[in-house]
Structure formats: C-alpha cells, structure tokens
Amino acid sequence: MAKLSVEIITGERVVYEESDVDMVVAPGADGALGLLPSHAPLFTLLSLGEMRVIKSGEEQSLAVFGGFLEIADDHIRILADAAERAEEIDVDRAEVARERAVSRKSEGTSATEDMMRAELAMRRSMVRLKISRRRQGRQGGGGSSAQSPN
Amino acid sequence: MPTPREIRRRISSIKNTSQITRAMEMVAASKMRRAQQAVTASRPYSERLRLMIGDLAAMAAGAEEQAEFPLLERREIKRSQVMLITADRGLAGAFNSNVIRHGLQFMREREEGFENIDMVAIGRKGRDFMTRFGQPLVADFTNMPDRLSIDDVRPMIQIASEDFIAGKVDAVYAVYTQFINTLRQEPRVLQILPIEPPEDTGEARDYIFEPDPTTVLNALLPRYIEVQIYQTLLESVASEHSARMVAMRNATDNAKEIQDELTMTYNKARQAQITAEVSEIAAGAVAQQR
C-alpha cells in the first residue's frame, strides 16, 4: 500500500522529514485534518496545534504554529511559521510563558494589540504543554510497548 | 637606500597592520560561519514556498483572479523601486563596489530612467554611495543586526508592498549578492513585485482549498515576499563576511610578504653599513700607521 512522505520546514530549519508514513493528523484552519495515502490534492492554512505523524504503529507528535500545508501525490509539504518536535519542547519555559500570558491578559488594561499578543502567547504555550504532557504520560504508562514490527 | 632604522620602522608598522588584518580575518571567519549556516538553513523554506506557488501558478496566473490579488498585478512600468543591499562596513574586498556597480548597470538599462527609480538603500555603503551619486533615497536602513530575524526585514517589506499596492511604483527589484561559496559571490537582481509565479513545474492539479483559494493565496503571497526579501538579505550577509574574510586573509598574506622582503633589505643595509664601518676603521688604522 502507498505511504506518505512528510516534510515540515520553518524559516530557520527543516524540523521533520520522514517517508513511509501511514497517517498524519494536522491542525487545519477549519479543524483537524486526517491525511491518509492517496488523498486528493489539498491546500490548507494551518492553525496552531498538535500535529501527529503515525508510522508503523508509532506516533510522533509535533507542535505547529500556523503556516501552510500542501498534499499532492502522497507527499505532504508543510511550511510552518514555527514548529517543534515534542521532545524539543521546554516544559518549564512553556509553563512560565503561559503564566505570564495569563497574568497579562487578566490585567486587561493594555492595548488591543498587546492583548492579542498575550492571547497568542497563551495559546502557543498551551499547545506546547499539552503535547509534552501527553508524551510524558505515554512514556510513564505504556513504556515502549509500541515497538515497530521491523 | 633607506637607512636600517627607517626599514625597521616600516617592518614594525607592517607587522602591526598584519596583526589587525589577522584579527579582522578571525572575526569575519566566525561571523561567516554563522551567516553561511543561516543562509543554508533558510533556503529549503524559500525553495519549498516557491514550489508551492508554482503548484498554484496556473490558478494564480488566471487573468480574472489578478484583480483579487494586487501583489500579482502586472502593469506598465512607469516607476520602479530598487532595493540596493550592501554592507554597513567596508574592507570586504570588492563586495560593496561589485553590488553597487551591478545595481547602477541595472538601473541604467531600465527604460523608465534614473529619475523614475525610487531608491531604497539597505546598508550604509550603498546609502553613502547613492547620496554622493545624487540619487534621492526614499528610505534607508543601516545598522542591521548580524543575526537577522524576519522581524528585522518587516519595515522593508512594508515599504515595498505598500508602495506597490498604492500604485506609487509598478515594480520592485532587489539588487543583492548571491552567496555561492566562500570564494564566490555574485551580484544579482531579483524581481520582488509583482510576484512572478515560477513556471508551473508539475501537471495542473485540482486542489481542494481550505478555507478557500482566495484566503490561502492572500496568506501565501505576502509570506512569499517576506521570505524572498529575508533570503536576499541573508545571502548578502553571508557574502559580505565571506568576502571580508578572504580580503583580510589576502591582506595578511601580503603583509607577510612585504615583511619578508623588508627584512631582507634591512639585513642587506645592515651588512652594508657594517662593511662600510669596518673598511672605514681599517682605513683609519692604516692611515695612522703611516
């Protein structure tokens, strides 16, 4: 059966590159998108959220913060404004950032632009926290039960 | 023939100079490494973005869509904007003069003529040259940080796209230096606006768009300009530091050569002096024996 190849690139670097992927779940602008091989050509904006790549039963998760996704001929090309692999996320920093954003939002007196920035910062840090928590949960609970068959 | 003392003074002065050029070479080398890394790291993104736009080219080039996307609009060029990207500092070999010469040549060949070109200078060298040359500047950007981020180029992007959309200029070009490798950099001209969709590479596909084609293209096109301007700046910075490192290495090598030559002349002069002294003493001794 056909497989997908995936590349995730930001302005600074190539974050992720993988072939023989079974399925990708991406945070599309109009809600989550599940992409399987032989998908029709599609072009979408990305919102910020979690992206999951499933390959041989193993799941890899990434944080994506806006950008573009194109799928054509079983090749997924993602140009993200920013992206991180789950293991790269700095949990402490994300926690601090979230608290800072929440307190700035609750002060609520500053200009709308500042509010928007705080809102965005909060959403970003929450995506980071969610992903790294799930990763930790998986590692603590199941261990390395999901072994790849080959 | 200069006296040994004069020669010694020149030797020490050249030694000082070579120490300075060596230090500058080292500084340039470390900046170069970082800049080269940055430029190679950001190339995949701009190339992929180009491919994406290429995939949508058929749609983007459709005449009826053009009205919806002002950044694609092609009109008769009566006035254009040229962004000249140079360095803030000199001592980088022919780096600045090459890109300036290339820019001037490009401007001379334009049909709209010098007086209809809005000049945007990025880098002090280009700004100073254009001021001396008498070409008025609509904007100049100097003291750009070594570690460029896309936020640093936002103001330039804004000037370019606002002037273009408002119809003040009908095209925007960037004159920059393409980084090829440490020893080779080439001045080039890149058309920024209107966006020239690259040749449609693959077969025309029937894409599904989310949320819809207009929204997607309206997000993609400005991003493309941003990335292109950012990329030309990164290319220029990497070229600048490479050119400077090579220039300073040559300077250090030349200084060493002159130093060797002067040391040779110095030894000769010293020996000649000693010989002269000895023969004078000998002559004096002979004279006294008489």
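Residues numbered from 1 in each chain as written. Chains lettered and ligands numbered in written order. Predicted model: local features only at pLDDT ≥ 70, side-chain atom pairs only at ≥ 80, totals over all residues. Heavy atoms only, no water.

1. Side note on the overall build of chain B
And then number 1: Within chain B, the secondary structure is distributed over 7 helices and 6 strands.
And then number 2: Starting at the N terminus, the α and β elements of chain B follow one another as α-α-α-β-α-β-α-β-α-β-β-β-α.
And then number 3: In summary, chain B has a C-alpha radius of gyration of 29 Å against a globular reference of 19 Å for 290 residues, an excess of more than 25%.
And then number 4: A principal-axis box enclosing the C-alpha atoms of chain B has dimensions of 115 × 40 × 30 Å.
And then number 5: By the burial criterion, 44% of the 290 residues in chain B qualify as buried.
And then number 6: Intrachain contacts of chain B at a sequence separation of at least 6 include 76% that bridge at least 24 residues.
And then number 7: Total accessible area on chain B is roughly 15,400 Å²; 51% of this is exposed by carbon and sulfur atoms.
And then number 8: Taken together, the 37 basic and 40 acidic charged side chains of chain B have centroids lying 15 Å from each other. (Helix = DSSP H or I, 4+ residues; strand = E, 2+ residues; numbered from the N terminus. Rg over C-alpha atoms; globule rule 2.2 N^0.38 Å. Buried < 20%, exposed > 50% of the residue type's maximum accessible area, 1.4 Å probe, protein only. Contact = heavy atoms within 4.5 Å. Areas by Shrake-Rupley, 256 points an atom, 1.4 Å probe, with all protein chains shown as cover. Lys, Arg positive; Asp, Glu negative; His and termini not counted. Charge placed at Lys NZ, Arg CZ, Asp CG, Glu CD.)

2. A closer look at the domain arrangement of chain A
Residues and elements named next belong to chain A.
And then number 1: One can read the domain layout of chain A as domain 1 (4-86) and domain 2 (90-141).
And then number 2: Contacts between the two partners involve 11 residues from domain 1 and, on the opposite side, 10 residues from domain 2.
And then number 3: Taking both partners together, domain 1 and domain 2 bury about 960 Å²; carbon and sulfur atoms supply 61% of that area.
And then number 4: The interface formed by domain 1 and domain 2 includes 1 salt bridge.
And then number 5: Arg-128 is the partner of Glu-84 in a salt bridge, and the nearest nitrogen-oxygen pair spans 2.9 Å.
And then number 6: Counting the contacts that link domain 1 with domain 2 gives 1 residue pair in polar contact (both at pLDDT 80 or more).
And then number 7: Listed by contribution, the elements that provide at least two residues to the side of domain 1 that touches domain 2 are β5 (42-55) and β6 (58-72).
And then number 8: Per element, the largest residue contribution to the side of domain 1 that touches domain 2 is 5 residues, and it comes from β6. (Domains from an automatic or database assignment. Buried area = accessible area lost by both parts, 1.4 Å probe. Salt bridge = Lys/Arg side-chain N within 4 Å of Asp/Glu carboxyl O. Polar contact = N/O pair within 3.5 Å; in protein donor to acceptor, adjacent residues only side chain to side chain.)

3. Overview of the side chain of Thr-86 of chain B
Residues and elements named next belong to chain B.
And then number 1: Its location among the elements puts Thr-86 in the loop between β1 (80-85) and α4 (95-109).
And then number 2: Side-chain polar atoms of Thr-86 contact the backbone oxygen of Gly-123, separated by 3.5 Å.
And then number 3: If sequence neighbours within four positions are ignored, Thr-86 has contacts with Phe-95, Asn-96, Val-99, Ile-100, Ile-122, Gly-123, Arg-124, Lys-125 and Gly-126.

4. A look at the nonpolar core
What tends to happen in soluble globular proteins is that the nonpolar side chains get buried as a cluster.
And then number 1: Counting 51 residues, the largest nonpolar core has Phe-43 of chain A together with Leu-193 and Leu-220 of chain B as its most contacted members.
And then number 2: The element that contributes the greatest number of residues to this core is helix α7 (residues 213-289) of chain B, accounting for 13 residues.
And then number 3: Excluding anything up to four places from it in sequence, Leu-220 of chain B contacts Phe-43 and Phe-68 of chain A together with Leu-49, Met-52, Ile-53 and Leu-56 of chain B.
And then number 4: In terms of nonpolar packing, the next biggest core, distinct from the first, is built from 22 residues, Val-6, Ile-8, Leu-35 and Ile-78 of chain A among them. (Core = buried A, V, L, I, M, F, W, Y, C linked by side-chain atoms within 4.5 Å.)

5. Considering the sheet that holds strand β5 (residues 184-193) of chain B
All names here are of chain B.
And then number 1: Read across the open sheet, the 5 strands follow the order β3-β2-β1-β4-β5; overall the sheet is mixed. Of all strands in the sheet, those with a lone pairing partner are β3 (137-141) and β5, marking the two edges. The sheet shows a mean angle of 20° between the axes of neighbouring strands, taken without regard to direction.
And then number 2: Sheet topology places strand β4 (residues 171-181) next to β5; 9 bridges connect them, and they run antiparallel. Of the residues in β5, the one forming a bridge with Phe-179 is Gln-185.
And then number 3: Packed on one face of the sheet, α4 meets β1, β2 (117-122), β4 and β5 and runs near 145° to β4.
And then number 4: Most of the contacts of helix α5 (residues 124-133) go to β3, to which it runs at about 155°, and overall it touches β1, β2 and β3. (Pairing = 2+ DSSP bridges. Axes fitted to C-alpha atoms, helices over the stretch in contact; angles between N-to-C directions.)

6. Details of the pairing of strand β3 (residues 23-28) of chain A
Residue and element names in this part refer to chain A.
And then number 1: Of all 6 residues in β3, 5 are buried, a share of seventy percent or more.
And then number 2: Pairing between β3 and β5: 4 bridges, direction antiparallel. Bridge pairing in β5 links Gly-28 to Leu-46.
And then number 3: Pairing of β3 with strand β4 (residues 31-35) involves 5 bridges; the strand directions are antiparallel. Residue pairing in the sheet places Ala-26 in a bridge with Leu-33 of β4.

7. Some words on the layout of surface pockets
And then number 1: Approximately 740 Å³ is the volume found for the largest pocket.
And then number 2: Surrounding the largest pocket, 25 residues form its lining, Asp-81 and Ala-82 of chain A together with Ile-150, Arg-154 and Arg-223 of chain B being those nearest its centre.
And then number 3: Elements with a contribution of two residues or more to the lining of the largest pocket: β5, β6 and α2 (112-141) of chain A together with α1 (4-55), α6 (150-165) and α7 of chain B.
And then number 4: In terms of residue count, α7 of chain B provides more of the lining of the largest pocket than any other element does, 6 residues in total.
And then number 5: Residues belonging to the lining of the largest pocket are distributed by class as follows: 12 nonpolar, 6 polar and 7 charged. (1 Å grid on protein atoms, 1.4 Å probe; cavity = no way out; pocket = protein on both sides within 12 Å on 5 of 7 lines; lining within 4 Å. Points joined across faces, edges and corners; volume = space filled by probe spheres on them. Nonpolar A, V, L, I, M, F, W, Y, C, P; charged D, E, K, R; others polar.)

8. Some points on the confidence of the model for chain A
And then number 1: Residues of chain A with pLDDT of at least 70 account for 89%, and the chain-wide mean is 81.
And then number 2: Note on residues 141-150 of chain A: pLDDT is under 50 here. Beyond four places in sequence and across chains, it has 6 contacts. (pLDDT = per-residue confidence, 0-100.)

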